[in-house]
Amino acid sequence: MTTVSLTVNGQPVTADVDPRTLLVQFLRENLRLTGTHVGCDTSQCGACVVHLNGQAVKSCTILAVQAHASVVTTIEGIAGGGELHPMQAAFREHHGLQCGYCTPGMIMSAIDIVNRKGNALDEQTIRAELEGNLCRCTGYHNIVKAVAAGAQAMAQAPLQQAAE
Amino acid sequence: MTASGIGAPVRRKEDQRFVTGQGRYVDDFNRPGQAYAYFLRSPHAHAAIRSIDTSPAMIMPGVVAVFTGDDLAADKIGGLICGWMIHSKDGSPMKAGPHPALAQGKVRYVGDHVAVVIAETLAQAKDAAEAILVDYDVLPAVVDTAQATKAPVQVHDVSPDNTVFNWHLGNKEETQAAFARAKHVTKIDLINNRLVPNPIEPRAAVGEYDFGTDNYTLYTTSQNPHVARLVLSAFIGVAPEHKLRVIAPDVGGGFGSKIFIYAEETVCVWAAKKVRRPVKWTSDRSEAFLSDAHGRDHVTHAEMATDENGRILGLRVHTTANLGAYLSTFSSSVPTYLYAPLLSGQYDIPAIYCEVDGVYTNTAPVDAYRGAGRPEATFVVERLVEKAARELGKDPAEFRRANYITQFPHTTPVIMTYDTGDYAASLDKALEVADYRNFQQRKQESARNGKLRGIGFSSYIEACGIAPSQAVGSLGAGVGLWESAEVRVNPTGSVEVLTGSHSHGQGHETTFAQLVSDRLGISIDQVSIVHGDTDKVQFGMGTYGSRSGAVGMSAIAKAIDKVIAKGKKVAAHVLEASEGDIEFKDGRFGVAGTDRSLAFGEVALQAYIAHKFSGQDLEPGLKEGAFYDPTNFTFPAGVHICEVEIDPDTGVTKIERWTAVDDFGVIINPMIVEGQVHGGIAQGVGQALLEGTVYDQSGQLITASFNDYCMPRAIDLPSFQVGMTVTPCPSNPLGIKGCGEAGAIAAPPAVINAITDALGHEDIAMPATPQAVWRAAQKARTLLAAE
Ligand code: FES
Ligand code: FES
């Protein structure tokens, strides 16, 4: 057993874990933050994307111990004060989800794309940047629309963005 | 139409929990004291098991129990079943081999279940599984669909040549006569590639047993929890039906693969009692590739006869359908009654004859995958029609139009009666949206840039709203395919709808509430939809085959009618009028010709207070149930047009435009319907361009991860132009036809027709990967040079 300490969604957490525990297992099983999903075992699907020190990572592909002393944000941690994050609201408004299983990872990736590429995203950029996220339900059409709209809305909500 | 009623693009009620990470999928459930199951799977495609020694695993750390097929047999747990009986041409029943949940004496595909380890942690269960000693006598395997009946390999004792059935439909003699009269015959050989459904949520199950009450609970990733309960109790025998609660909570996509009753959930329920602890199993993606039921896998030769005017005279089809190593729950119906009855497409074809040989191979079982049989039929019809038009020098759109069915109802030679449709309307609209007029210009422009541009049509039809119970019963279905609903009105006027349909992405919490809102005049916020729990909902047949709207919602509509009828009785007492004078309109019960009326909620309250009427004359309360059995299938149809540009130097096919014009009848929520179309097209494009399931000759699955099996990603797809035409369905009270599978049915032939148009020859198979297209483009160059 190894001790890990990190900050998850603003809360400090410390736990003893089997060293082979993946970050996603730690989040789902130790912290019961089940919004982060597992869709594959080859780091392909992106259902598990969280932010580690402000950057998108596939939480199935790093060990919990590698996140020691880091700041992790999951899908449960981005809505501020009862309001949806603009990207969450955009997915809802543009029907960017059906079964919802890929959605947390999509939203976390989308916010990361905006952080890296800015608020004015064209369709090709969004499609190319979503290469690490699989969705089997939507055909991506509405996800692309949602990400574009969410990116713009994030420009209008700088406070929320800063809070994240 | 109200803001939230039928036809409004209402934003989904369920999304609040999904976008915030509060969805509750099976793997999110953790029961006190739970242990973890891990299945030891066969590494061989075909082998006799000489012995299994579990003792080294039993002493590994954390191991709770190890079970094999012998343990299941000792408890008299039955095998998995196939619920649709198909008879061969000669009248003999299909040859169903045994399908034990854990192998007994033999394994028949890579991934077949050999033993289960239950341990304190999943990691410990996996470690222990490696310690189990299995002595295999490896046998030769057969994997190839076309070779299955010729191979010197016998998958099941009941079937010496691996044939499950030789089935047929249609009239052979009339079809032969039609071909004898033909001016031209178009022939085609097609492979409908095997697909892995791959919902992003893998399958999972948690079994639980309560010693105090003798009750079992199963949390499972199911599209039809009541059917799962029925099969687990009545056929497999793990628990009595009234003692087994099956919960299918949020489910992350199904596409057919979560209809079936698999070994894993069977074992979890049974083992929970054996080890006196809840038992949890969650598939990883590799296991999903190996053991989820696959889709498609047909080899077909088809011929179409036409006369001198380009009228289709007849169609004959021979298909070999690979059913895998065992008959999965509905597998036998897919290449038979869900396939051949659709071979008339949208066309008036006087004579059709289809033969289907179902075969066993040493591969994963094959069963329904989005569209189930109908995509395979549409691929045959639309590839043939396109090829025929080319051979006859006719415009593919006009060749189709000339052969469309225009009079309804229309009975085809393959047992379907199409109730309504306007195929030319969809075609006209699609041609306009796709700017077909200027296609040649775009093609020339591409040619100037060294690219090959092509356009492909698909005039698809499907049979949805499955299905009239008597009709499917006469065709071999083990169950009726009605749906049930219960509408519970609370004293405060809010409503709970209990439905036997199940939502795993379709948005029923929204669309079903829209129907209630529309009919009862209350806000959708006043409506809760309850599904996916056999303790709450009495019974249901579940969601597949685009049946939730046409059948599930029709049941709700029927129950709502009963609620309104009862409400009128209550209102008559309260308003001191005669029942015949009460009208229900815009959410109010009123006395005709007066201004006296009561809101729906006031009547609900009065029904429960029960002061204004005698309980002997009228029962208190306001709750009604209904079972709805459809009168016919529904027939969604439409035209998809795909325009591609191929780079002959790289073989990359780029979809430049996608036009979809569909007739789904009455639409409840256009936003959701369009989303269903998008998703279906993506899966169809995946089949056409990217997805191919490859077994090597020894039966190893080569494409067993997302690294090797190419799923469509955002960059592989365009945005889609989706339009609708509407002919209301006359076969159900809501006029709904269904939309869930249309895209997956329409897309593959549209893509391949576009690619073959671009190439100028027909020699390309699915998936048309860049490598395959590059080869085909080189062949096109050679052909061109030879001209
Ligand atoms: S679970 Fe698929 S990438 Fe992490
Ligand atoms: S919404 Fe189901 S996988 Fe994306």
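Residues numbered from 1 in each chain as written. Chains lettered and ligands numbered in written order. Predicted model: local features only at pLDDT ≥ 70, side-chain atom pairs only at ≥ 80, totals over all residues. Heavy atoms only, no water.

### Focus: the environment of A:Asn53
All names here are of chain A.
Thought 1: Here Asn53 lies in the loop between β3 (49–52) and β4 (55–58).
Thought 2: Between the C-alpha atoms of Asn53 and Thr73, which are 20 residues apart in sequence, the distance is 8.1 Å.
Thought 3: If sequence neighbours within four positions are ignored, Asn53 has contacts with Ser70 and Val71. (Helix = DSSP H or I, 4+ residues; strand = E, 2+ residues; numbered from the N terminus. Contact = heavy atoms within 4.5 Å.)

### Focus on the domain arrangement of chain B
Residues and elements named next belong to chain B.
Thought 1: Per the domain assignment, the segments of chain B are domain 1 (31–139 + 202–252 + 258–291), domain 2 (298–467 + 632–786) and domain 3 (482–628).
Thought 2: Between domain 1 and domain 2, the C-alpha centre-to-centre distance is 36 Å.
Thought 3: On the side of domain 2, 30 residues touch domain 1, which itself brings 28 residues to the contact.
Thought 4: In total, domain 1 and domain 2 occlude about 2,500 Å² of area from one another, counting both sides; carbon and sulfur atoms represent 66% of this.
Thought 5: Summed over the three residues of domain 1 that lose the most area to domain 2, namely Trp84, Phe260 and Phe289, the buried surface amounts to 27% of that side.
Thought 6: On the surface where domain 1 and domain 2 come into contact, there are one salt bridge.
Thought 7: Considering each element in turn, the side of domain 1 that touches domain 2 owes the most residues, four residues, to helix α8 (residues 285–291).
Thought 8: Taken together, the residues of the side of domain 1 that touches domain 2 break down into 17 nonpolar, five polar and six charged. (Domains from an automatic or database assignment. Buried area = accessible area lost by both parts, 1.4 Å probe. Salt bridge = Lys/Arg side-chain N within 4 Å of Asp/Glu carboxyl O. Nonpolar A, V, L, I, M, F, W, Y, C, P; charged D, E, K, R; others polar.)

### Topic: the environment of B:Gly740
All names here are of chain B.
Thought 1: Secondary-structure assignment places Gly740 in the loop between β28 (721–725) and α18 (742–759).
Thought 2: With relative accessibility at 15%, the residue Gly740 sits in the buried group.
Thought 3: Along the chain, Gly740 and Arg547 lie 193 residues apart, while their C-alpha atoms are 8.8 Å from each other.
Thought 4: Contacts of Gly740, omitting those with residues within four sequence positions, involve Arg370, Ser546 and Gln676. (Buried < 20%, exposed > 50% of the residue type's maximum accessible area, 1.4 Å probe, protein only.)

### Comments concerning helix α17 (residues 670–690) of chain B
Residue and element names in this part refer to chain B.
Thought 1: The first and last C-alpha atoms of α17 sit 29 Å apart over 21 residues, in line with the 30 Å expected at 1.5 Å per residue.
Thought 2: The element α17 is largely enclosed, with a buried count of 19 among its 21 residues.
Thought 3: Its side-chain oxygen at 3.0 Å from the backbone nitrogen of Met671, Asn669 defines the N-terminal cap of α17. (Expected span 1.5 Å × (residues − 1). Polar contact = N/O pair within 3.5 Å; in protein donor to acceptor, adjacent residues only side chain to side chain.)

### Overview of the sheet that holds strand β22 (residues 582–585) of chain B
Remark on secondary structure: sheet strands pair via backbone hydrogen bonds, oriented parallel or antiparallel.
Residues and elements named next belong to chain B.
Thought 1: Taking strand neighbours across the sheet as the criterion, the three strands line up as β22-β23-β24 in an open arrangement whose pairing is antiparallel. In the strand order of this sheet, the two ends are held by β22 and β24 (597–599), each with one partner. Ignoring strand direction, the axes of neighbouring strands in this sheet form an average angle of 20°.
Thought 2: The pairing of β22 with strand β23 (residues 588–591) spans four bridges and is classified as antiparallel. By the bridge assignment, Phe584 is partnered in β23 with Phe589.
Thought 3: Along the sheet face, helix α15 (residues 548–574) touches β22, β23 and β24 and points at about 125° away from the line of β22. (Pairing = 2+ DSSP bridges. Axes fitted to C-alpha atoms, helices over the stretch in contact; angles between N-to-C directions.)

### Digging into the interface of chain A and chain B
Thought 1: Listed as interface residues are 47 residues of chain A and, on the opposing side, 55 residues of chain B.
Thought 2: When chain A packs against chain B, close to 4,300 Å² is buried across both sides, 52% of that on carbon and sulfur atoms.
Thought 3: Across the pair A:Arg20 and B:Asp127 runs a salt bridge, and its minimum N-O distance is 3.4 Å.
Thought 4: On the surface where chain A and chain B come into contact, there are 29 residue pairs in polar contact (both at pLDDT 80 or more).
Thought 5: Contributing elements (two or more residues each) for the side of chain A that touches chain B: α2 (86–93), α3 (103–117), α4 (123–129) and α5 (141–156) of chain A.
Thought 6: Residue classes in the side of chain A that touches chain B are distributed as 18 nonpolar, 18 polar and eleven charged.

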